[in-house]
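# Examining the three-dimensional arrangement
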Amino acid sequence: LLVAIVVVLFIPGIFMVAGSVLSPYRVLLLGIFPWLLWRWLTMRPCVVDFLVLASATWTVLALVKNHGLGVGPRAVISFVEFFGAYLIGRILITNASEYKRFFKILAIAFAVLLPFALLEMVTGFNLVRRIFDVFFTIPARQHNLGMRLGLVRAQGTLEHPILWGLVATIGVANGFYIWRHNLVKAFGMSGFFTFMVGTSLSSGPLLSVFAQACFIVWDRLLFFMRFRWIVLGFLALMALMLLRILAEFQVLDFVLDNFTFSKTSADGRLVVFDYGMMEVTRHPVFG
């Protein structure tokens, strides 16, 4: 089942059923959701389970409150995608060996798609999406995805290069720590996922890789220090406070100005962030 979930996650395309937008992943998740729910109820639920359930339920309430009962199908899908996806990990990945197996499956999936990603980077031709265009509706590639470093940003089988890179980022630190007792495998797995992130040429996922690498170095160099993460948090907080006092330093502005490929895209995201925070302030309960 875990293999099937990873496979359908990488199948591109959508189709309409009764006015609802579905994908192979959504269809599988909707199909197994009753079983996931039953298995969860037979387990011993924990506090985190109920917090995630409450958050998913609140999403449904917010959608209905703002858009009426006509948004019911969308609300149901949102609930299942949120809580159902959580239950996949909660039920199918419950110990270290299953956790390791998941990343093996994910690595195999990316390895299979690697040649197609490289082809897309060099030529701009996405063969997998062209093949599945026969069976599903494949949204056109966004017009604003220009070339970077003389290459096309690979989006693979997902909707956007950022998503392609984002999914790959979860294997970087995990690949290192899961196989940490064999440094060749550890660096091999971590390096492979890092390379897959690089095919997206997206600054967000690449920043995530950089942050993970910094945390790994800190953790390995100070392995003897029990409170090394508390120390790191304290140092980071003090540095930010000092910079804010001395130079009216804005962290988000600095990151977007200096660690992104596109200044225009970065400015746009800053506007989205500012507007989003104002909307949270104006509508804190139902959005």
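In this report, we go over the structure that sits alongside the text. Along each chain, residues carry numbers from 1 onward, in the same order as the chain's sequence is written. Reporting of local features is limited, given that this is a predicted model, to residues whose pLDDT is at least 70; pairs of side-chain atoms are given and counted only at 80 or more, and all residues count toward the totals for whole chains, interfaces and linings. Side-chain measures here rest on the full set of heavy atoms in the structure, leaving out hydrogens and waters.

### Here we look at a positive patch on the surface
Put simply, the test is: To count toward a patch, a residue needs a relative accessible area above 30% and no salt bridge. Like charges then connect within 9 Å, nonpolar side chains (Val, Leu, Ile, Met, Phe, Trp, Tyr) within 5 Å. Under the convention used here, a 1.4 Å probe and the Shrake-Rupley method define accessible areas, while residue burial counts only the protein chains that appear. The term salt bridge refers to a side-chain nitrogen of Lys or Arg lying within 4 Å of a carboxyl oxygen of Asp or Glu. The positive count covers Lys and Arg only, the negative count covers Asp and Glu only, and His and the chain ends enter neither. By convention, the charge on Lys lies at NZ, on Arg at CZ, on Asp at CG and on Glu at CD. Secondary structure elements are taken from DSSP: a helix is a run of H or I of four residues or more, a strand is a run of E of two residues or more, and numbering for both begins at the N terminus. Burial classification: accessible surface area is computed with a 1.4 Å probe over protein chains only, and a residue below 20% of its type maximum counts as buried, one above 50% as exposed, and the rest as partly exposed.
Side chains of Lys100, Arg101, Lys104 and Lys185 sit close together on the surface and give a patch of like positive charge. When residues in the positive patch are grouped by element, the largest group, three residues, is from helix α5 (residues 96–123). With respect to the element layout, Lys104 can be found in helix α5. By relative accessible area, Lys104 is classed as partly exposed at 42%.

### Focus: the nonpolar core
As a rule of thumb, soluble globular proteins bury nonpolar side chains together. Selection rule: What is meant by a nonpolar core is a set of buried Ala, Val, Leu, Ile, Met, Phe, Trp, Tyr and Cys residues, joined one to another through side-chain atoms within 4.5 Å. Any two residues whose heavy atoms approach within 4.5 Å at even a single point are treated as in contact.
Ranked by size, the top nonpolar core spans 49 residues in total, and within it Phe10, Phe83, Ile88, Leu106, Phe110 and Trp164 carry the most contacts. Every element with two or more residues in this core is listed here: α1 (2–9), α2 (24–42), α3 (47–67), α4 (72–92), α5, α7 (161–178), α8 (183–198) and α9 (203–221). Of the residues forming this core, the biggest block, eleven residues, is contributed by α5. Setting aside its immediate chain neighbours within four residues, Ile88 contacts Leu2, Ile5, Tyr25, Leu29, Leu36 and Ile93.

### A short note on the side chain of Thr169
Note that Thr169 resides in helix α7. By relative accessible area, which is 4% here, Thr169 ends up buried. Those residues in contact with Thr169 that lie beyond four places of it in its chain are Val197, Pro205, Ser208, Val209 and Gln212.

### Considerations on the packing of α7 against α9
We count it as follows: Helix axes are fitted to C-alpha atoms over the stretch in contact, other axes to C-alpha atoms as well, and angles between N-to-C directions run from 0 to 180 degrees. In these notes the angle categories are as follows: under 35 degrees is roughly parallel, over 145 is roughly antiparallel, 65 to 115 is roughly perpendicular, and the rest is oblique. Each residue gets one label: Ala, Val, Leu, Ile, Met, Phe, Trp, Tyr, Cys and Pro are nonpolar, Asp, Glu, Lys and Arg are charged, and the others, such as Gly, are polar.
Taken N-terminus to C-terminus, the directions of α7 and α9 make an angle of 10 degrees; their axes are 9 Å apart at the nearest point. One finds that α7 runs roughly parallel with respect to α9. Here Ile162, Gly165, Leu166, Thr169, Val172, Ala173, Phe176 and Tyr177 of α7 come into contact with α9, specifically with Pro205, Ser208, Val209, Gln212, Phe215, Ile216, Asp219 and Arg220. Taken together, the residues of the contact of α7 with α9 break down into ten nonpolar, four polar and two charged.

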